[in-house]
Amino acid sequence: MLSGWWFQASSATGAGATPAPAIVLLHGCGGMLNRRGTPSARILEYAALLNQQGWHALAVDSLTPRGESELCTQRIGSRKLTQVDRRRDALASLKWLATQPGVDPNRLALLGWSHGGSAVLAASNMDHPEVAKNTAQPRLVVAFYPGCGTEARRGYRPVAHTLLFVGLADDWTPAAPCQALAGERAGHTVRVEAYEGAYHGFDGTASLTHRKDVPNGVNPGQGVHVGGQPAAREQSRQTLLGALQQAFAR
């Protein structure tokens with residue numbers, strides 16, 4: 001049983017309210033919750049941003065119900081939680097959303113960061129039979145600095161238009177495999193927005209730090225760099241909202 005946090009757009013509630021779009025938020029390897037057991041600042045920030053536009057948001061916790069608090073310091077090959085698990089979490093979340101009062105089942109989206117961004121790709125690739133047959137499908141899939149290598153090697157056939165945000169200085173999940181996905185695929189557009197000098201987590205506000213506790217990345221064993229970049233943060237936010245508004249237009 002998954003747990004999640006439901007952020008309901010106030011403008012889409014009440015008698016006579018029109019069913020509103022809804023977006024699944026998929027956290028990165030650091031998990032959805034902070035040390036107080038509440039959603040992270042990033043989740044709260046984006047949920048508020050989306051609610052302001054009149055869209056519901058569902059943040060899904062893939063770690064806590066499975067007895068995990070984070071994956072970032074675990075080597076990829078040793079992780080008990082796999083992208084198969086996260087793909088199924090995303091697909092189940094879409095199906096749940098499609099049945100909720102006040103939600104327009106024809107206007108759903110997936111949005112994820114890092115490990116959650118990789119899950120977005122896995123949950124939107126029609127080469128996975130369970131994706132192709134899922135009864136609820138997104139109109140748009142969005143990933144911030146995902147690991148694109150796995151789905152690129154499989155052959156990415158998106159179920160919907162796809163928007164990827166990557167940092168060209170990212171030494172954790174490099175930009176190049178994502179950039180290679182850009183173009184028309186299976187009748188949908190894969191758009192890649194790349195930012196010069198931006199590292200992993202560029203849409204945050206934290207100062208750039210060197211995380212030596214992360215064993216994965218471009219240079220295994222040497223750590224990775226994580227931190228916000230104001231220009232990339234602002235540009236990606238505006239691009240995200242524009243893409244969602246276009247996708248959700250009736």
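Everything below is about the structure printed above this text.
Basis of the calculations
Residues numbered from 1 in each chain as written. Predicted model: local features only at pLDDT ≥ 70, side-chain atom pairs only at ≥ 80, totals over all residues. Heavy atoms only, no water. Helix = DSSP H or I, 4+ residues; strand = E, 2+ residues; numbered from the N terminus. Rg over C-alpha atoms; globule rule 2.2 N^0.38 Å. Buried < 20%, exposed > 50% of the residue type's maximum accessible area, 1.4 Å probe, protein only. Lys, Arg positive; Asp, Glu negative; His and termini not counted. Charge placed at Lys NZ, Arg CZ, Asp CG, Glu CD. Polar contact = N/O pair within 3.5 Å; in protein donor to acceptor, adjacent residues only side chain to side chain. Disulfide = S-S within 2.5 Å. Pairing = 2+ DSSP bridges. Core = buried A, V, L, I, M, F, W, Y, C linked by side-chain atoms within 4.5 Å. Contact = heavy atoms within 4.5 Å.

For this particular structure, what's the right way to read the overall build of the protein?
Broken down by element type, the protein carries seven helices and 10 strands. What you see for the protein is a C-alpha radius of gyration of 17 Å, in line with the 18 Å of a compact globule of 250 residues. With the C-alpha coordinates aligned to their principal axes, the bounding extent of the protein is approximately 55 × 45 × 35 Å. Within the protein, the proportion of its 250 residues that are buried is 51%. On the protein, the mean spot of the 24 positive side-chain charges and the mean spot of the 18 negative ones are 4 Å from each other.

Looking at this structure, I do not really get the environment of Thr99. What am I missing?
Here Thr99 is to be found in the loop between helix H2 (83–98) and strand E4 (103–113). Take Thr99: its relative accessible area is 56%, and that puts it in the exposed class. Here the side chain of Thr99 touches Trp96 through a polar contact of 2.8 Å, landing on its backbone oxygen.

Could you clarify how one ought to interpret the state of the cysteines in this entry?
Each disulfide consists of one covalent bond between the sulfur atoms belonging to two cysteines. Here the structure, examined in full by the defined rule, presents two disulfides. Each sulfur in the disulfide pair Cys29 and Cys72 lies 2.0 Å from the other. Disulfide Cys29 to Cys72: torsion about the S-S bond roughly 100°, handedness right-handed. Of this pair, Cys29 sits in the loop between strand E2 (20–26) and helix H1 (41–52) while Cys72 is found in the loop between strand E3 (56–61) and H2, placing the two residues 43 residues apart along the sequence. The pair formed by Cys29 and Cys72 is uniform in burial state, with each residue classed as buried. Two residues share a disulfide in this structure: Cys148 and Cys178, whose sulfurs sit 2.0 Å from each other. Residues Cys148 and Cys178 are joined through a disulfide that is right-handed, its torsion about the S-S bond being 95°. Remark: Cys178 occurs in helix H6 (residues 176–179) and Cys148 occurs in the loop between strand E5 (140–144) and helix H5 (149–154); sequence separation between them is 30 residues. Of the two residues examined, Cys148 and Cys178, each falls in the buried class.

So what exactly am I meant to see when it comes to the pairing of E4 here?
Along a regular strand, successive side chains alternate from one face of the sheet to the other. Of all 11 residues in E4, nine are buried, a share of seventy percent or more. Bridge analysis of E2 against E4 gives six bridges, and the strand direction is parallel. Within E4, the residue paired with Leu26 across the bridge is Gly112.

Is there a simple way to think about the nonpolar core in this case?
The tendency in soluble globular proteins is for nonpolar side chains to be buried as a group. Ranked by size, the top nonpolar core spans 31 residues in total, and within it Ile23, Leu25, Leu111, Phe144 and Leu244 carry the most contacts. Residue assignment for this core shows that the elements contributing at least two residues are E2, H1, E3, E4, E5, strand E6 (161–167) and helix H7 (230–248). Looking at which element gives the most residues to this core, the answer is H7, with seven residues. Apart from the residues within four sequence positions on either side, Phe144 is in contact with Tyr46, Leu111, Gly112, Trp113, Ser114, Phe165, Phe202, Asp203, Ser236 and Leu240. With 28 residues, the next largest nonpolar core counts Leu110, Ala123, Val166 and Ala175 among its residues.

Geometric values such as these leave the question of function open.
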